[in-house]
Amino acid sequence: MPKYSAKKHRKPRYKQSHRPNSTASIALFELPSNKPRHVVPLANGGRRYLISIWAAIFMPIAAIAAGGIFGMVYAAICVMLGLTHWSAWILFGLFWLWLTESWWFGLSTRKFADVYADRIVMYGVLGRKKYVFSRAKCTFYYIPHNRDITPALWVKRENRQFPIRVDNTLCADWEDFLFETGAVEILGHLRRE
């Protein structure tokens, strides 16, 4: 006959925490990721981060869907104000393309960023250099999210009041990218220096 063992009490599902372990999220950025790397070594000691194929497909669909919603609102405003000229739609379309460039530029290039010892080069549409950040003159940080959303890289340049937000959604290996930039995790609102 088996000996009596104390019954282990388990928390019901509705009382269990659904948040990820906070220590696991901190450890995620202390070391490079263990995922398959989408990084190409460059000849002069740098590393090129590539764009995720899945993000390059789905993010433009999201941009088109959001643009359709805002387009309907814009059409309603134009009808109420009597602005039915086609040039207003062209201006809205160009403004929307400019606003959502970080969502769809992966359709035109595979390059996301080049990371060197002294600088970081961010790419845009058709592989053009969108930003060049000097490591000596910039501070890199990110604000963690509670969900599995890629945190954006914030770059504070010296002699500039406002930081630049770089969207990491298209980067195939964004954890390693944040590690390589030396981005520091900060909590709360953006700090001003």
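As shown above, the structure is provided for reference.
### With respect to the nonpolar core
Okay, step 1: Ranked by size, the top nonpolar core spans 27 residues in total, and within it F112, M122, F133, F140, L153 and F177 carry the most contacts.
Okay, step 2: Put simply, the parts of the chain that give this core at least two residues each are α2 (53-81), β3 (111-115), β4 (119-123), β6 (138-142), β7 (153-157), β8 (164-166) and α5 (174-181).
Okay, step 3: If we ignore the near neighbours within four places in the chain, the residues touching F112 are Y49, L50, I51, F105, V121, M122, Y123, D167, N168, L170, C171 and F177.

### Considering the side chain of T100
Okay, step 1: Relative to the assigned elements, T100 resides in the loop between α3 (86-99) and α4 (101-104).
Okay, step 2: There is a polar contact of 2.8 Å between the side chain of T100 and the backbone oxygen of W96.

### Concerning the sheet that holds strand β9 (residues 184-185)
Okay, step 1: Sheet architecture is open: four strands sit in the order β8-β7-β6-β9, paired in mixed fashion. Each edge of the open sheet carries a strand with a single partner, namely β8 and β9.
Okay, step 2: Direction of pairing for β7 relative to β8: antiparallel, over a ladder of three bridges. Among the inter-strand pairings, W154 is bridged to a residue of β8, identified as R165.

### Notes on unusual backbone geometry
Okay, step 1: The backbone of L126 sits at a positive phi, close to 60°, despite the residue not being glycine.
Okay, step 2: Within the secondary structure, L126 is located in the loop between β4 and β5 (129-134).
Okay, step 3: The phi angle at N159 is positive, at roughly 65°, despite the residue not being glycine.
Okay, step 4: Within the secondary structure, N159 is located in the loop between β7 and β8.
Okay, step 5: Taking relative accessible area as the criterion, N159 reaches 77% and is therefore assigned exposed.

### A short note on α5
Okay, step 1: With respect to burial, α5 is a largely interior element, six of its eight residues being buried.
Okay, step 2: Among all positions of α5, only W174, E175, D176, F177, L178 and T181 are buried.
Okay, step 3: G182, located one to two residues past α5, shows a positive phi value of around 80°.

### Digging into the pattern of salt bridges
Close approach of charged atoms lets side chains of opposite charge pair.
Okay, step 1: Within the structure shown, the criterion is met by six salt bridges.
Okay, step 2: Between R47 and E180 there is a salt bridge, and its shortest N-O distance comes to 2.8 Å. Taken together, the positions of R47 in strand β2 (residues 47-50) and E180 in helix α5 put the pair 133 residues apart, joining distant regions of the chain.
Okay, step 3: Look at R47 and you get buried, because its relative accessible area is 19%.
Okay, step 4: Of the residues examined, E180 reaches a relative accessible area of 23% and is grouped as partly exposed.
Okay, step 5: The salt bridge involving K130 is made with E101; its shortest N-O contact spans 3.7 Å. Remark: E101 occurs in helix α4 and K130 occurs in strand β5; sequence separation between them is 29 residues.

### Some remarks on the environment of W89
Okay, step 1: Locating W89 in the fold gives a position in helix α3.
Okay, step 2: Sequence spacing of W89 and C78 is eleven residues, and the spatial spacing of their C-alpha atoms is 9.5 Å.
Okay, step 3: Setting aside residues no more than four positions away along its own chain, W89 makes contact with G71, Y74 and A75.

### Here we look at the packing of α2 against α3
Okay, step 1: Between α2 and α3, the shortest axis-to-axis distance is 11 Å and the interhelical angle comes to 145°. Of the two elements, α2 crosses α3, and the hand of that crossing is right-handed. Contacts between α2 and α3 involve A63, A66, G67, F70, G71, Y74 and A75 on the former and, on the latter, A88, W89, F92 and W96.
Okay, step 2: Looking at the contact of α2 with α3, its residues break down into nine nonpolar, two polar and no charged.

Quick notes on the rules
Residues numbered from 1 in each chain as written. Predicted model: local features only at pLDDT ≥ 70, side-chain atom pairs only at ≥ 80, totals over all residues. Heavy atoms only, no water. Core = buried A, V, L, I, M, F, W, Y, C linked by side-chain atoms within 4.5 Å. Buried < 20%, exposed > 50% of the residue type's maximum accessible area, 1.4 Å probe, protein only. Helix = DSSP H or I, 4+ residues; strand = E, 2+ residues; numbered from the N terminus. Contact = heavy atoms within 4.5 Å. Polar contact = N/O pair within 3.5 Å; in protein donor to acceptor, adjacent residues only side chain to side chain. Pairing = 2+ DSSP bridges. Salt bridge = Lys/Arg side-chain N within 4 Å of Asp/Glu carboxyl O. Axes fitted to C-alpha atoms, helices over the stretch in contact; angles between N-to-C directions. Left-handed = near helix turned anticlockwise from the far one by under 90°. Nonpolar A, V, L, I, M, F, W, Y, C, P; charged D, E, K, R; others polar.

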